[in-house]
Amino acid sequence: MDFFDKFKIWVLLICLISQLGFGFYLPGSYPHKYVVGDALSVKVNSLTSIDTEIPYSYYSLPFCQPPEGVKDSRENLGELLMGDRIENSPYKFKMHTNETEIFVCQTKPLSSDEYKLLTNRIDEIYQVNLILDNLPAIRYTKRDSYYVRWTGFPIGAKVEEAYYVFNHLKFTVLVHKFEETNVANVMGTGDAAEVIPSVGKPGSEAPGYMVVGFEVTPCSIKHNPESLKNLKTYEKYPSKIACEDNMVNMAIKENEPIAFTYEVAFVESDIKWPSRWDAYLKMEGAKVHWFSILNSLMVITFLAGIVLVIFLRTVRRDLTHYEELDKESQAQMNEELSGWKLVVADVFRAPSNPGLLCLMVGNGVQILGMAVVTIMFAALGFMSPASRGTLVTGMLIFYMVLGILAGYVAVRMWRTIFCGDHRGWVSVSWQVACFFPGIAFSILFTLNFLLWGSHSTGAIPFSLFVILILLWFCISVPLTFVGGYFGAKAPHIEYPVRTNQIPREIPPQKYPSWLLVLGAGTLPFGTLFIELFFIMSSIWMGRVYYVFGFLFVVLILLVVVCAEVSLVLTYMHLCVEDWKWWWKSFFASGSVALYIFLYSINYLIFDLKSLSGPVSATLYLGYSFLMVLAIMLATGTVGFLSSFWFVHYLFSSVKLD
């Protein structure tokens, strides 16, 4: 098999892995069968805006409330942390029953505070997010010769100093006939067909339908006050309403009420149940995304391979040449040692702040393991967008469970640095369990005060904070101590050479070593900056991120590049007789976090330039810092462990007296 055959196999393998996010997509919920006339209820999620990034409850504005009262849906842990507040709404349909000019309600005359709040939300471009059968409402707007997809619709619009509210909604529900014989195939999860519920009436032989699309067109309509008199909820408005996209007629004013109406039309569609999320998952520039990632993948793979080959050949030739000498020549050579051989008695000297290094490495292993497992499950479709909050919930669960790995690695590294002394492993385990979670809780608690002050749904409830702390101390901390116990019982890694009592003086360097360490982060950053744009757009621009197959490939590539960059820099430092490699190997790969933070600031200035207010900017920078800290711990751990393995291997291969 020649080089080109191997190259083709690698390209095919990479393509297959990157397509995991598509080929194994699971819908995340079972199909519901509705017969004609069955009730369909629309739900509302939090109001969101890319101008402030602060979500608010739908009913914080003077909108119509359902006759039965506002009721919260059961949110999972991830939904609460993401600021989702799903509630019932007054919009109700009947399956396959078209209705027009349905009156919802007329609000009370707007007070001065309500008018000011409503106009502020319109200025901040807040979006209404409706949900039907777990599908978010989607809106199409025509731009030149093509249509642009949007999730949700704006509260209103400002035209020539006048504010208009979208008080009439034109719904289009796409339905597909329920195919009983294909239920098992549709599911693809091994579930039996009989467990899939039918929402229709028992024993009904009427044809069933599944909801496969939910579209909305908002309009601003000026209703006739006389026609609104004595109208009750869900009665028909007497005049015909013509609704076109973004049509504005209803200007809001103080001390004047607002009337809300809607219409709904059901359209049979060829879209099947497994494909109903395709409209939300179509990402603009998909081809550019694919080819950019693949190009970066190939370039970095070849670059890392070349660096690795040259590096191993250089070291291997040096070791082979030394081993071929006879004892007399080796003794003479020992007197004329140069480069990395001169630091043989200092290379394993304990670093400064060894405890901090151990707990950072332990936390890095925990975060990296969480990322790998989470992305793998997401690539296989178990954390699809249809299952809201499962991604964040899964991350928390995996992080807590992997506390056992963090404790084991940190304590064993501690014992290795101190030559097998197991004293202090309890303290190390406790510090590992509290280091990153403590920082994360401090940042989130501080940012939460800003959200509390803004009365945002993004604020974490105090009860949820208590639950998170209980999960931390009842699951993560005990598992970390269990891992620390096994780390204390495991044999420590023995150094292949002895360490002198008096440290060797490091000769003056031509260039500051830390300058090289900080510059090393550019190569790992080059492997992920394209994917980073899509991730940032998903978090801050409200787009759905779903290409976890790509992300898994990029993560593997990032780990390889971080390991090799750290190896190269460690070898370079040893060659100039700098034996203080411990922290430098950690930050050589961990410095990629610095460039990610600079990229985050660049994204804030140029892509989120409409972000308004110091509160929004503080929230953005706070969450970005937390993300960057986690990335630094994970990538730094990869670099340190690979360098430790290399140094141990290198000096165990030579015999110096």
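A quick note: this is a predicted structure, and the numbers were derived from the prediction, not measured. (Residues numbered from 1 in each chain as written. Predicted model: local features only at pLDDT ≥ 70, side-chain atom pairs only at ≥ 80, totals over all residues. Heavy atoms only, no water.)

As a further point, take the overall build of the protein chain. Helices and strands together make up the secondary structure of the protein chain, namely 20 helices and 15 strands. Looking at the protein chain as a whole, 50% of its 657 residues qualify as buried. Long-range pairs, those at least 24 residues apart, make up 85% of the contacts in the protein chain with a sequence separation of at least 6. Counting only carbon and sulfur atoms, one obtains 62% of the accessible surface of the protein chain, whose full area is about 31800 Å². (Helix = DSSP H or I, 4+ residues; strand = E, 2+ residues; numbered from the N terminus. Buried < 20%, exposed > 50% of the residue type's maximum accessible area, 1.4 Å probe, protein only. Contact = heavy atoms within 4.5 Å. Areas by Shrake-Rupley, 256 points an atom, 1.4 Å probe, with all protein chains shown as cover.)

With that out of the way, let us pick up the packing of aromatic side chains. Working definition: an aromatic ring pair is given by the centre-to-centre distance plus the angle between the planes. Scanning the entire structure with this criterion turns up 46 aromatic pairs. Taking the centre distance of 6.2 Å and the plane angle of 35° together, the rings of W430 and F473 count as tilted. Of this pair, W430 sits in helix α13 (residues 425–453) while F473 sits in helix α14 (residues 462–489), and the two are 43 residues apart along the sequence. An aromatic cluster is present here, built from W430, F441, F445, F449, W452, F465, W472 and F473 joined pairwise through their rings. Stacked on the ring of Y56, the Lys or Arg R121 has its end atom at 3.9 Å from the ring centre. Over the ring of W579 we find R349; its NZ or CZ atom is 5.6 Å from the centre of that ring. (Phe/Tyr/Trp six-rings, centres within 6.5 Å; stacked < 30°, edge-to-face > 60°. Lys NZ or Arg CZ within 6 Å of the ring centre and 35° of its normal.)

Tallied over the entire structure, the rule returns 2 disulfides. One disulfide in the model links C64 with C105; its S-S distance is 1.8 Å. Judged by the sign of its S-S torsion, about -90°, the bond between C64 and C105 is left-handed. On the criterion of sequence distance, the pair formed by C64 in the loop between β2 (39–44) and α3 (77–81) and C105 in strand β4 (residues 99–106) is long-range, its members being 41 residues apart. Pair check on accessibility: C64 and C105 agree, each one buried. Across a sulfur-sulfur distance of 1.7 Å, C219 and C243 are joined as a disulfide pair. (Disulfide = S-S within 2.5 Å.)

Next up on the list: the pattern of salt bridges. Here the idea is simple: oppositely charged side chains can pair when their charged atoms come close. If you walk through the whole model with that rule in mind, you get 9 salt bridges. Note that K158 is salt-bridged to E161, the shortest N-O span being 3.8 Å. The exposure class of K158 is partly exposed, given its relative accessible area of 41%. A salt bridge links E577 to R504, with the nearest nitrogen and oxygen atoms 3.1 Å apart. Taken together, the positions of E577 in the loop between α17 (548–575) and α18 (582–590) and R504 in the loop between α14 and α15 (513–519) put the pair 73 residues apart, joining distant regions of the chain. (Salt bridge = Lys/Arg side-chain N within 4 Å of Asp/Glu carboxyl O.)

Its identity is not glycine, yet H96 carries a phi of approximately 55°, on the positive side. Considering the arrangement of structural elements, one finds H96 in the loop between β3 (87–94) and β4. A positive phi angle, close to 55°, is found at I125, a residue other than glycine. Inspection of the secondary structure puts I125 in the loop between α4 (112–123) and β5 (127–128). Classification of I125 by relative accessible area gives partly exposed; the value is 42%.

Our focus in this paragraph is the packing of α13 against α14. In the contact formed by α13 and α14, the axes pass within 8 Å of each other and the chain directions differ by 160°. With respect to α14, the element α13 is oriented roughly antiparallel. Taken as a pair, α13 and α14 cross one another with a handedness that is right-handed. A per-class count over the contact of α13 with α14 returns 21 nonpolar, 5 polar and no charged. (Axes fitted to C-alpha atoms, helices over the stretch in contact; angles between N-to-C directions. Parallel < 35°, antiparallel > 145°, perpendicular 65-115°, else oblique. Left-handed = near helix turned anticlockwise from the far one by under 90°. Nonpolar A, V, L, I, M, F, W, Y, C, P; charged D, E, K, R; others polar.)

Attention now moves to the nonpolar core. Side chains that are nonpolar tend, in soluble globular proteins, to be buried together. Membership of the largest hydrophobic core comes to 141 residues, with the highest contact counts inside it found for F93, L130, I155, F171, F214 and F651. Broken down by element, this core gets its largest block of residues, 16 residues, from helix α20 (residues 614–652). Once you skip the residues sitting within four places of it in the chain, F171 turns out to touch Y91, F93, L130, F214, E215, V216, Y262, E263, V264 and A265. (Core = buried A, V, L, I, M, F, W, Y, C linked by side-chain atoms within 4.5 Å.)

We now examine the sheet that holds strand β7 (residues 135–136). Read across the sheet, 4 strands follow the order β3-β2-β6-β7 without closing on themselves; strand pairing throughout is antiparallel. Two strands lie at the open edges of the sheet, namely β3 and β7, each paired on one side alone. Note that β2 and strand β6 (residues 130–132) share 3 bridges and pair antiparallel. In the sheet register, K43 faces β6, and the bridge partner there is I131. (Pairing = 2+ DSSP bridges.)

Our next topic: the packing of α18 against α20. For the pair α18 and α20, the least separation of the axes is 7 Å and the interaxial angle reads 130°. Put simply, α18 runs oblique to α20. Here the hand of the crossing between α18 and α20 comes out right-handed. Residue-level contacts link W582, S585, F586, F587, S589 and G590 of α18 to M632, L633, T635, G636, T637, G639, F640, S643 and F644 of α20. When its residues are assigned to classes, the contact of α18 with α20 shows 7 nonpolar, 8 polar and no charged.

A word on the pairing of β3. Counting buried positions over the 8 residues of β3 gives 6, a clear majority of the element. For β2 and β3, the ladder comprises 5 bridges, and the chain directions are antiparallel. Pairing of V44 across the sheet is with E87, part of β3.

What follows concerns the environment of A279. Structurally, the position occupied by A279 is in helix α7 (residues 278–281). Taking C-alpha positions, A279 is 8.6 Å from I138, a pair spaced 141 residues apart along the chain. Every residue in contact with A279, bar those within four places of it in the chain, is listed here: I138, Y140 and R149.

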